[in-house]
Amino acid sequence: MSNSEYLKLADTIAAEIASGVLKPGDRLPPQRTFAYERKIAASTASRVYAELLRRGLVVGEVGRGTFISGEARRGASAPGEPRDVRIDLEFNYPNLPNQTALVSRSLEGLDKPVALDAALRQATSVGTRAVRDVAATYLSRATWSPNPEQLVFTGNGRQSIAAALAAVVPYGGRCGVEALTYPFIKGVAVRLGISLVPLAMDSSGLRPDALRKAHEEAHLSAIYVQPTVHNPLGTTMTSARRNEIVRIAEQLDLLVVEDNVYSFLENEPPLAALAPDRCIVLDSLSKKIAPGLTLGFVVPPLHLRESVMAAVRSGGWTASGFAFAAAERLMADGTAAELARLKRSDAQARQKLAAECLSGFEIQANPNCYHLWLTLPSHWRSQSFVAAAARRDIALTPSTTFAAPAGHAPNAVRLALAAPAMDQLETGLRTLAALLRSSDHDMEATE
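- The protein has the name DNA-binding transcriptional MocR family regulator in an unreviewed UniProt entry, where Rhizobium leguminosarum is given as its organism.
- As recorded by UniProt, the Sequence similarities (unreviewed entry) comment attached to the protein reads in full: "In the C-terminal section; belongs to the class-I pyridoxal-phosphate-dependent aminotransferase family."

Here it is as structure tokens:
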């Protein structure tokens, strides 16, 4: 078989994966069986399987088998959307049983002609004075209160990341990121022509020596960090580490883009409290309120505000007038704050359950957050474990999704605890615990 023919066969399998004929966790036949069924040589079947492996569409290990990858249909660096699975431990948006009623009460009257007419008008990247005042109060933390005139708004948190990076990192520029980071930034960096530089971490967060070394080797324009409730690790930077990172950023004349989306779970002040002229704070409402109600916040130093506004306009990332109107009500009347309080309690209950169900395994968890990091036993590999979980109708995220340097992902998975009901969550966690103890000997060998 020619090179083009074996690639065509690999393309055929890839199309079956893309269409859903083959689903994450499905097992491919042993290569000899595949060769017999397709009337090809065994050596050709080996080349097809190797090509599928190279594309990240399958995972396979000696003694286990070859399976459709747990992330094959969404791309290695793209965060997942909710899937049609029984237990979703991948999609991390908390929905409380009573939150719709609370939101409905807050938005009562927004459908009246006068209010609706105002809400349906064209909005700008800076909203109105009223919404800026309300948002500045809502975003305030302990030692940090933003000036309302700093605020710029986007449609959601991801757009806030894109706008901030577009404003401060030039095309072809370099941005430092934690070695494990929020996956969306990998995709947006490609679209903006930005090179991401992975920076080593330890238990306190981003390592200062790694930051200094990376900048000395080749100039960084900025760094993107998650100082509070890091995704996926759940860690929060210590006070000493925050001070050290800010000090180095000032010495090296680096801008700090800090993602504070999960900070409502701990209420830590941002790095901007230490260096207001150096830091751009990002936040959003979707996790605090509901995934269907989005508004993103960018809080840059005043001297960068115009650049951020221009990035929002050119990117088409301006929020809708209705989102502004709804968010203003929810923030002003205390509903958003109440939902955050309730979700903090909910997250703590879910972490407690996870600790009980996964007792004896190596987990890294913040008792206040909605996800945990599970290091796998040596007989499992991240992709294989995700595929095995998918066969049991459980979706979770492999470490490769979060790894900034390709090929350097730890042998771990992230479990998002927010989406399932508590009884479903317990079932899923106990199923995973049993899977962790198993070596899955029922799988056929990979040839």
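## Focus on the overall build of the protein
In step 1: Counting its regular elements, the protein contains 15 helices and 18 strands.
In step 2: A compact globule built from 447 residues would reach a C-alpha radius of gyration of about 22 Å, and the protein, at 23 Å, matches this within 12%.
In step 3: Its C-alpha atoms put the protein at 70 × 50 × 45 Å along the principal axes.
In step 4: Looking at the 447 residues of the protein, the share that counts as buried comes to 55%.
In step 5: Across the protein, every contact between residues at least 6 apart in sequence was considered, and the portion connecting residues at least 24 apart equals 72%.
In step 6: Accessible area of the protein: about 18600 Å², with a carbon and sulfur share of 52%.
In step 7: Averaging the positions of the 47 positive and the 45 negative side-chain charges in the protein gives two centres separated by 2 Å.

## Overview of helix H8 (residues 184-192)
In step 1: Among all positions in H8, only Phe184, Ile185, Lys186, Gly187, Val188 and Ala189 are buried.
In step 2: Positioned one or two residues after H8, glycine 193 has a phi angle of 70°, which is positive.

## A word on the pairing of strand S18 (residues 412-416)
In step 1: Most of S18 sits inside the fold, with five of its five residues counted as buried.
In step 2: Because side chains alternate across S18, one face comprises the buried residues Ala412, Arg414 and Ala416, and the other comprises Val413 and Leu415, equally buried.
In step 3: When strand S15 (residues 371-375) meets S18, the two strands line up antiparallel, connected through five bridges. Within S18, the position partnered with threonine 375 by the bridge is alanine 412.
In step 4: By the bridge criterion, two bridges tie strand S17 (residues 397-398) to S18 in an arrangement that is antiparallel. Residue pairing across strands places threonine 397 opposite arginine 414, the latter belonging to S18.

## Thoughts on the packing of helix H14 (residues 382-391) against helix H15 (residues 422-437)
In step 1: Here H14 crosses H15 at 130°, and the two axes come no closer than 11 Å. Here H14 is positioned oblique relative to H15, judged by the angle of their axes. Here H14 runs over H15; the crossing is right-handed. Touching Phe385, Ala388 and Ala389 of H14 are Leu432, Leu435 and Leu436, all from H15.
In step 2: Counted by class, the contact of H14 with H15 contains six nonpolar, no polar and no charged residues.

## Structural notes on the sheet that holds strand S5 (residues 152-154)
In step 1: Ordered in space as S5-S13-S12-S11-S10-S6-S7, the seven strands form an open sheet in which the pairing is mixed. The outermost strands of the open sheet, each flanked by one partner alone, are S5 and strand S7 (195-199). Geometrically, the sheet is characterised by an average inter-axis angle of 25° between neighbouring strands, direction not taken into account.
In step 2: Relative to strand S12 (residues 279-284), helix H7 (residues 157-168) is tilted by about 160°, and along the sheet it contacts S5, strand S6 (174-178), strand S10 (222-225), strand S11 (255-259), S12 and strand S13 (296-299).
In step 3: This element, helix H11 (residues 305-315), spans S5 and S13 of the sheet and lies at about 20° to S5.

## So, helix H12 (residues 321-332)
In step 1: Over its 12 residues, H12 runs 16 Å from end to end, which matches the ideal 16 Å to within 8%, given 1.5 Å per residue.
In step 2: Listed in full, the buried residues belonging to H12 are Gly321, Ala323, Phe324, Ala325, Ala326, Ala327, Leu330 and Met331.
In step 3: In this fold, the buried residues of H12 make contact with helix H4 (99-106), helix H5 (113-119), helix H6 (129-139), S5, S13 and helix H13 (335-357).
In step 4: Immediately beyond the C-terminal end of H12, within one or two residues, lies glycine 334, with a positive phi of roughly 90°.

## Here we look at the packing of H7 against H8
In step 1: At their nearest, the axes of H7 and H8 sit 10 Å apart, and the two run at 45° to each other. Regarding the angle of H7 to H8, the classification is oblique. Seen from above, H7 lies across H8 with right-handed handedness. Side by side, H7 and H8 meet where Arg158, Ile161, Ala162, Leu165 and Ala166 of the first sit next to Phe184, Ile185, Val188 and Leu192 of the second.
In step 2: Considering only residue class, the contact of H7 with H8 consists of eight nonpolar, no polar and one charged.

## Brief notes about the pairing of S15
In step 1: Within S15, four of the five residues are buried, which leaves the element mostly enclosed by the surrounding structure.
In step 2: Where strand S14 (residues 362-365) meets S15, four bridges bridge the pair, whose relative direction is antiparallel. Directly across from glutamine 364, in S15, lies its bridge partner tryptophan 373.
In step 3: With antiparallel pairing between neighbouring strands as the criterion, S14 and S15 make up a hairpin whose turn holds five residues.

## Things to note about the sheet that holds S15
Sheets are built from strands paired through backbone hydrogen bonds, the pairs being either parallel or antiparallel.
In step 1: Overall, antiparallel pairing links the four strands, which are arranged S14-S15-S18-S17 in an open sheet. The sheet terminates laterally at S14 and S17, the two strands that pair on one side only.

## Digging into the pattern of salt bridges
In step 1: Taken as a whole and assessed by the stated rule, the structure comprises 13 salt bridges.
In step 2: In this structure, arginine 207 engages aspartate 209 in a salt bridge whose closest nitrogen and oxygen atoms are separated by 2.8 Å.
In step 3: Taking relative accessible area as the criterion, arginine 207 reaches 29% and is therefore assigned partly exposed.
In step 4: Given the relative accessible area of 44%, aspartate 209 is considered partly exposed.
In step 5: Arginine 278 serves as the salt-bridge partner of aspartate 253, at 2.9 Å between the closest nitrogen and oxygen. Of the two residues, aspartate 253 sits in the loop between helix H10 (239-252) and S11 while arginine 278 sits in the loop between S11 and S12, which places them 25 residues apart along the sequence.
In step 6: For aspartate 253, a relative accessible area of 54% puts it in the exposed group.

Each value, and the rule that gives it
- Residues numbered from 1 in each chain as written.
- Predicted model: local features only at pLDDT ≥ 70, side-chain atom pairs only at ≥ 80, totals over all residues.
- Heavy atoms only, no water.
- UniProt positions renumbered as here; feature names shortened; annotations may be inferred.
- Helix = DSSP H or I, 4+ residues; strand = E, 2+ residues; numbered from the N terminus.
- Rg over C-alpha atoms; globule rule 2.2 N^0.38 Å.
- Buried < 20%, exposed > 50% of the residue type's maximum accessible area, 1.4 Å probe, protein only.
- Contact = heavy atoms within 4.5 Å.
- Areas by Shrake-Rupley, 256 points an atom, 1.4 Å probe, with all protein chains shown as cover.
- Lys, Arg positive; Asp, Glu negative; His and termini not counted.
- Charge placed at Lys NZ, Arg CZ, Asp CG, Glu CD.
- Pairing = 2+ DSSP bridges.
- Axes fitted to C-alpha atoms, helices over the stretch in contact; angles between N-to-C directions.
- Parallel < 35°, antiparallel > 145°, perpendicular 65-115°, else oblique.
- Left-handed = near helix turned anticlockwise from the far one by under 90°.
- Nonpolar A, V, L, I, M, F, W, Y, C, P; charged D, E, K, R; others polar.
- Expected span 1.5 Å × (residues − 1).
- Salt bridge = Lys/Arg side-chain N within 4 Å of Asp/Glu carboxyl O.

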